[in-house]
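Next come the chains, spelled out residue by residue.
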2 protein chains.
Amino acid sequence: MIESDIFRALADPTRYAIFEKLANGSMNASALREGLTISQPAMSQHLAVLRSAGLVREERQGRFVNYEVDPEGLAQIARWLAKYRAYWPSRVDALKAVLKDMDQ
Amino acid sequence: MIESDIFRALADPTRYAIFEKLANGSMNASALREGLTISQPAMSQHLAVLRSAGLVREERQGRFVNYEVDPEGLAQIARWLAKYRAYWPSRVDALKAVLKDMDQ
DNA sequence: ATGACACATAAGTTTATGCTTATGTGTTGG
DNA sequence: CCAACACATAAGCATAAACTTATGTGTCAT
């Protein structure tokens, strides 16, 4: 697993959209297809990429597979981002507020 | 500019490595090539992608062009990440520490 | 001014990636 | 059991993206 893989997973607009959908609530693969013009195998392949990047995780429920956001993927990005805190200028006020919120 | 473009810029391992180099200090394009097996045009093209994603910025210095990390790109990622704070579980202790540090 | 240099852009080729159709695997209801 | 369903995997194709060589642009030193 190369470090840039997590970014590669989010680089495709369709996968990005899938992730955003899941961020609004867990869903099975079929439900995720609604609204997107995408075949069933394509969805399955996208989910596999997101899963192997640690961005989503699955939970089989009968013959359905429920997908949800995996916090570990987001944590990885947060850790990556934290490495560059030297570059966050105080003038980026919006960012400061965001970071404060992040720490809760 | 699609939202996933900033991730696409970091998805390529070579570009990722270039960004990491710049994070350790600004450098011109020639200096960036050292250590990487990459042609001069390839470097130029990678830098163009990183620049248009808002991750790096350039400053011409004579016949050299100095590149440095653009905080705005990182801020964009931070803002994106903040949208999903609902998914950061308190049990991710390492992350919590990191986030605390981020807020300084 | 002009040759050398640092970098950008153009054009074409190769490789990676996202798609499709076809088929396989596991689960459920009748 | 077995037919229908939900999803995964395989194989092949089409497009995109990263590379190459060749050339263009701007700057400096002499």
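Described below are features of the structure shown in this document. Here the structure is a predicted model, which means the values were calculated and not measured.

Turning our eyes to something else, we now look at the protein's contact with DNA strand D. Surveying the vicinity of DNA strand D reveals 24 residues, the closest of which are Asn28(A), Ser30(A), Pro41(A), Ser39(B) and Gly62(B). Taken together, the elements giving at least two residues each to the surface near DNA strand D come down to α3 (29–33), α4 (40–52) and β3 (64–69) of chain A together with α4 (40–52) of chain B. No other element matches α4(A), which puts six residues into the surface near DNA strand D.

Residue and element names in this part refer to chain B. Spatial ordering of the open sheet is given by β1-β3-β2, a layout of three strands whose pairing is antiparallel. Of all the strands in the sheet, just β1 (27–28) and β2 (56–61) have a single pairing partner and so form its edges. Pairing of β2 with strand β3 (residues 64–69), which is carried by six bridges, proceeds in the antiparallel orientation. Among the inter-strand pairings, Val56 is bridged to a residue of β3, identified as Val69. Relative to the sheet, helix α2 (residues 13–23) contacts β1, β2 and β3, its axis offset from that of β3 by approximately 90°. Strand contacts of α4: β2 and β3, with the helix running at about 120° to β2, the strand carrying the most contacts.

Our next topic: the environment of Pro13(A). Here Pro13(A) shows up in helix α2 (residues 13–23). In the structure, Pro13(A) is positioned 67 residues away from Trp80(A) in sequence and 22 Å away in space, judged by C-alpha atoms. Not counting residues up to four positions away in its chain, the partners in contact with Pro13(A) are Ile2(B) and Ser4(B).

Where strands meet in a sheet, backbone hydrogen bonds hold them as pairs that are either parallel or antiparallel. Residues and elements named next belong to chain A. The sheet built from three strands is open, its strands ordered β1-β3-β2 with antiparallel pairing. The open sheet has two free edges, formed respectively by β1 (27–28) and β2 (56–61), since each of these has just one partner strand. Where α4 meets the sheet, its contacts fall on β2 and β3, and the angle it forms with β2 comes to roughly 120°.

The next thing to look at is the protein's contact with DNA strand C. Around DNA strand C there are 25 residues in total, and Ser39(A), Gly62(A), Asn28(B), Ser30(B) and Pro41(B) lie nearest to it. The set of elements that each furnish at least two residues to the surface near DNA strand C consists of α4 of chain A together with α3 (29–33), α4 and β3 of chain B. At six residues, α4(B) tops the list of elements feeding residues into the surface near DNA strand C.

The next subject is α2(A). All names here are of chain A. Burial in α2 covers these residues: Arg15, Tyr16, Ile18, Phe19 and Leu22. Summarising the axial view, the buried residues of α2 lie within an arc of 160°, below the 170-degree limit, and thus occupy one face. Where the residues of α2 are buried, they touch α1 (5–11), β1, α3, α4, β2 and β3. A positive backbone phi angle near 135° is found at Gly25, which sits one or two residues after α2.

What counts as what
- Residues numbered from 1 in each chain as written.
- Chains lettered and ligands numbered in written order.
- Predicted model: local features only at pLDDT ≥ 70, side-chain atom pairs only at ≥ 80, totals over all residues.
- Near = placed C-beta within 6 Å.
- Helix = DSSP H or I, 4+ residues; strand = E, 2+ residues; numbered from the N terminus.
- Pairing = 2+ DSSP bridges.
- Contact = placed C-beta atoms within 7 Å.
- Axes fitted to C-alpha atoms, helices over the stretch in contact; angles between N-to-C directions.
- Buried ≥ 20, exposed ≤ 12 C-beta atoms within 10 Å, placed from the backbone.
- Arc of directions from axis to C-beta.

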